[in-house]
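# Chains, contacts and geometry: an overview
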Amino acid sequence: MKKNLKQIAIVALVVMVIAACKKNQESSTTEPQETVKNTDKVLQYIKDLGFPSTSIVDNGNEYVVEEDITFPKNMEIPANTGLKTEQYYTGSIVNATKKLNIRIFVDASMTSMSSEINSAIAQWNAVPNSTLRFSVVTTAPYDILIKNENLGNGVCGQGQFPSGGSAGALVKINKNYIAGNSFAQRARTICHEFGHCISFRHTNWAAIGESSATNVPGVTGTDASSIMNGGQCGSGATVLSQKDKDATAVLY
């Protein structure tokens, strides 16, 4: 009898362990499944913006498009607000409150380029008829983190688009790669990436193979002088063009 009781106890214990393992396995898959679902939504959002599939690179926790635009896989997908439908933007902008003071935190890896960062900020802050303002903060909370990262040859920097009414949260600068550029070109790279953070697409989107982009009303066509032209790492315009300023005034 004691032997039978012992056998029964062992069987019961095995059943409990199997059940517990099964439950844990089921629980552990919940979060990845949700992540995968959001990843699919982010991927579709990128395609809906007009970026061809061939330009989308899976880079771990983010997608990279055209080398300098990043989309976190856990990002909040902007709602289609129907606001303002030609410099070009994503259709999602920094909200009316946050645009008044977009706080930038300079990582220790980028403090050697503080002058270039301040130059880029000054350009956006000086746009006539715009209430958009950037500022540097030294502690949290902040809206944009700018840091150094090795992005490989040919890539000067990367920036994120706005999401949920907030500016794109991260700018990566390939500091060593652009170190040999002129001061104006280094500041240009930073200014360009900040432009992505406030929603601007590449002005020359059609020429570099994108299928569509949302126009900023009343600021139409291509612009060789735009600081937001893509594919001009180290050689592009170093100041905001008149159309860049007009587009900023329309949105902000």
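Use the structure listed above.
Residues numbered from 1 in each chain as written. Predicted model: local features only at pLDDT ≥ 70, side-chain atom pairs only at ≥ 80, totals over all residues. Heavy atoms only, no water.

Moving on: the state of the cysteines. Overall, the coordinates contain 1 disulfide when judged by the stated rule. Disulfide pairing places Cys-156 opposite Cys-233 at an S-S distance of 1.7 Å. Between Cys-156 and Cys-233, the S-S dihedral sits near 85°, and the bridge is therefore right-handed. Of this pair, Cys-156 sits in the loop between strand S7 (144-148) and strand S8 (157-160) while Cys-233 sits in the loop between strand S10 (214-215) and helix H6 (242-251); the two residues are 77 residues apart in sequence, bridging distant segments of the chain. (Disulfide = S-S within 2.5 Å. Helix = DSSP H or I, 4+ residues; strand = E, 2+ residues; numbered from the N terminus.)

Right, let's talk about helix H3 (residues 114-125) for a bit. With 12 residues, H3 should reach 16 Å at 1.5 Å per residue; the first-to-last C-alpha distance of 16 Å fits that figure. Contacts from the buried residues of H3 go to strand S5 (102-106), strand S6 (134-137), S7, helix H5 (183-197) and H6. (Expected span 1.5 Å × (residues − 1). Contact = heavy atoms within 4.5 Å.)

Spatially, the 8 strands line up as an open sheet ordered S1-S2-S3-S8-S9-S7-S5-S6, and their pairing is mixed. The open sheet has two edge strands, strand S1 (56-59) and S6, and neither has a second partner. Adjacent strand axes in the sheet meet at a mean angle of 25° when their direction is disregarded. Lying on the sheet, H3 is in contact with S5, S6 and S7; it crosses S6 at an angle near 150°. (Pairing = 2+ DSSP bridges. Axes fitted to C-alpha atoms, helices over the stretch in contact; angles between N-to-C directions.)

Moving on to the pattern of salt bridges. Enumeration over the complete set of coordinates arrives at 7 salt bridges. Two residues, Glu-62 and Lys-172, come together in a salt bridge whose shortest N-O distance is 2.7 Å. An identical accessibility class is assigned to Glu-62 and Lys-172; each is buried. Arg-103 serves as the salt-bridge partner of Asp-143, at 3.0 Å between the closest nitrogen and oxygen. Taken together, the positions of Asp-143 in the loop between S6 and S7 and Arg-103 in strand S5 put the pair 40 residues apart, joining distant regions of the chain. Assessed through its relative accessible area of 14%, Asp-143 is described here as buried. One salt-bridge network, held together by shared partners, links Glu-62, Lys-147, Glu-149 and Lys-172. (Salt bridge = Lys/Arg side-chain N within 4 Å of Asp/Glu carboxyl O. Buried < 20%, exposed > 50% of the residue type's maximum accessible area, 1.4 Å probe, protein only.)

Two elements in contact, H3 and H5, have axes separated by 8 Å at closest approach and are oriented at 55°. In terms of their interaxial angle, H3 and H5 are classed as oblique. Handedness of the crossing formed by H3 with H5: right-handed. Facing H3, whose interface residues are Ser-115, Glu-116, Ile-117, Ser-119, Ala-120, Ile-121, Gln-123 and Trp-124, H5 presents Phe-183, Arg-186, Ala-187, Ile-190, Cys-191, Phe-194 and Gly-195. The residue inventory of the contact of H3 with H5, partitioned by class, reads 9 nonpolar, 4 polar and 2 charged. (Parallel < 35°, antiparallel > 145°, perpendicular 65-115°, else oblique. Left-handed = near helix turned anticlockwise from the far one by under 90°. Nonpolar A, V, L, I, M, F, W, Y, C, P; charged D, E, K, R; others polar.)

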